[in-house]
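In case you want the letters, here they are:
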Amino acid sequence: MTTLLEMKQHLKIFYSRYDIYLIPALKFILAFFAFIMINGQIGFMERVASPAISLLLALLCALLPVNLMAVFGGVLICAHAFALSLETFAVTAGMLFIMYAVYFRVAPKHGYVLVLTPVAFFLKIPYVMPLVLGLIGGPVCAVPLACGTMCYYLMYYIKNNEKMLSSSEAEQMSVRLMYLVENVLNNKNMLLTILVFAVTLTIVYAIRRMRIDYCWYVAICTGAVLNVVLYLIGGLVMGVSVSIGSVVLGTMGGVLVALVVEFFVLSVDYSRTEYTQFEDDEYYYYVKAVPKMSVAVSEKKVKKINSRSRSGKKRRQ
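What counts as what
- Residues numbered from 1 in each chain as written.
- Predicted model: local features only at pLDDT ≥ 70, side-chain atom pairs only at ≥ 80, totals over all residues.
- Heavy atoms only, no water.
- Helix = DSSP H or I, 4+ residues; strand = E, 2+ residues; numbered from the N terminus.
- Buried < 20%, exposed > 50% of the residue type's maximum accessible area, 1.4 Å probe, protein only.
- Contact = heavy atoms within 4.5 Å.
- 1 Å grid on protein atoms, 1.4 Å probe; cavity = no way out; pocket = protein on both sides within 12 Å on 5 of 7 lines; lining within 4 Å.
- Points joined across faces, edges and corners; volume = space filled by probe spheres on them.
- Nonpolar A, V, L, I, M, F, W, Y, C, P; charged D, E, K, R; others polar.
- Pairing = 2+ DSSP bridges.
- Axes fitted to C-alpha atoms, helices over the stretch in contact; angles between N-to-C directions.
- Left-handed = near helix turned anticlockwise from the far one by under 90°.

Caption draft 1: Region of interest: the overall build of the chain. Secondary structure assignment for the chain yields 13 helices and 2 strands. Expressed as a percentage of its 317 residues, the buried residues of the chain come to 38%. Taking contacts inside the chain between residues at least 6 apart in sequence as the whole, the part at least 24 apart equals 71%.

As structure tokens, then:
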């Protein structure tokens, strides 16, 4: 445990010294991976799907606010949808416009959530998002989490229905447009996922705010069990086919990531809990203080010894 705490302290010191370089680098990596993912899923416009375009946009995102990363991602999705068909572009642009309008109105400071959510789906670890956001975020994070989920399912639907959406028969344009709107907006898998994630995030947040010992661990375990149970119940009620194995394994992976986040963000020592009280003219205050686990990291100092000067002194003597 001491080794882990020392590593944590070293990472904090390293980040505090070089954050001016680390933050743009992390933004670049996230943006580049997100754009490559979009182009890999729905890369219908070859010019836009070029790695050079993704690299250029990622470089811009490294220097610009994180919300522009989400905007550039939406532009890429719209460009690929336009290359597929006009109807697909109209529905995609309309959905993204509504989502971004809600996002920028409610939670404009959580751009990372909006970008990371489709990436988590692509990496097959989406269940980590509500657990981690419940620990370090709040209920407002449910909005960008829902928007990111909708973006992923939109790309997933477009990819799996490429032939139908790219049909150019004029008499089927209106029928195809209505079919696209109905299937995208009434996607039961998407609606179930958004609902389960929102409830899990809220419950995890509520438990970790409680004044009980080990509340973060209780919140993680409760959120994990709740996530699986809600998927089972929701699948039965809404008639959605749910892969129990993938949900359980994905939730277990989310628990591991949440425990790592808990270690680096909180990591307190409940054995040294202190209780104190004080008062002023109007109130009595009862305070529970739980110290964080930390270790003192000694900085190594290297002392240089000039062997030539010593040998010169000896010769003089």
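Caption draft 2: Focus on empty space enclosed by the protein. For the structure on display, the rule yields 1 cavity of 30 Å³ or more. Its boundaries defined by the atoms lining it, the largest cavity holds a volume of some 160 Å³. Sorting the residues of the lining of the largest cavity by element identifies helix 1 (2-42), helix 3 (67-84), helix 5 (111-122) and helix 7 (142-160) as the ones contributing at least two each. The leading source of residues in the lining of the largest cavity is helix 3, at 5 residues. Within the lining of the largest cavity, the residues separate by chemical class into 14 nonpolar, 2 polar and no charged.

Caption draft 3: Structural view of the pairing of strand 2 (residues 284-289). Where strand 1 (residues 274-279) and strand 2 come together, 6 bridges link them in antiparallel fashion. In the strand pairing of strand 2, Tyr-275 is matched with Lys-288.

Caption draft 4: Focus on the packing of helix 6 (residues 128-136) against helix 10 (residues 188-208). As a packed pair, helix 6 and helix 10 sit with axes 8 Å apart at the nearest point and diverge in direction by 35 degrees. In this structure, helix 6 crosses over helix 10, and the sense of that crossing is right-handed. When helix 6 is examined against helix 10, the residues Pro-130, Leu-131, Leu-133, Gly-134, Leu-135 and Ile-136 are found in contact with a partner set consisting of Phe-197, Thr-200, Leu-201, Val-204, Tyr-205 and Arg-208. Of the residues that constitute the contact of helix 6 with helix 10, the class distribution is 9 nonpolar, 2 polar and 1 charged.

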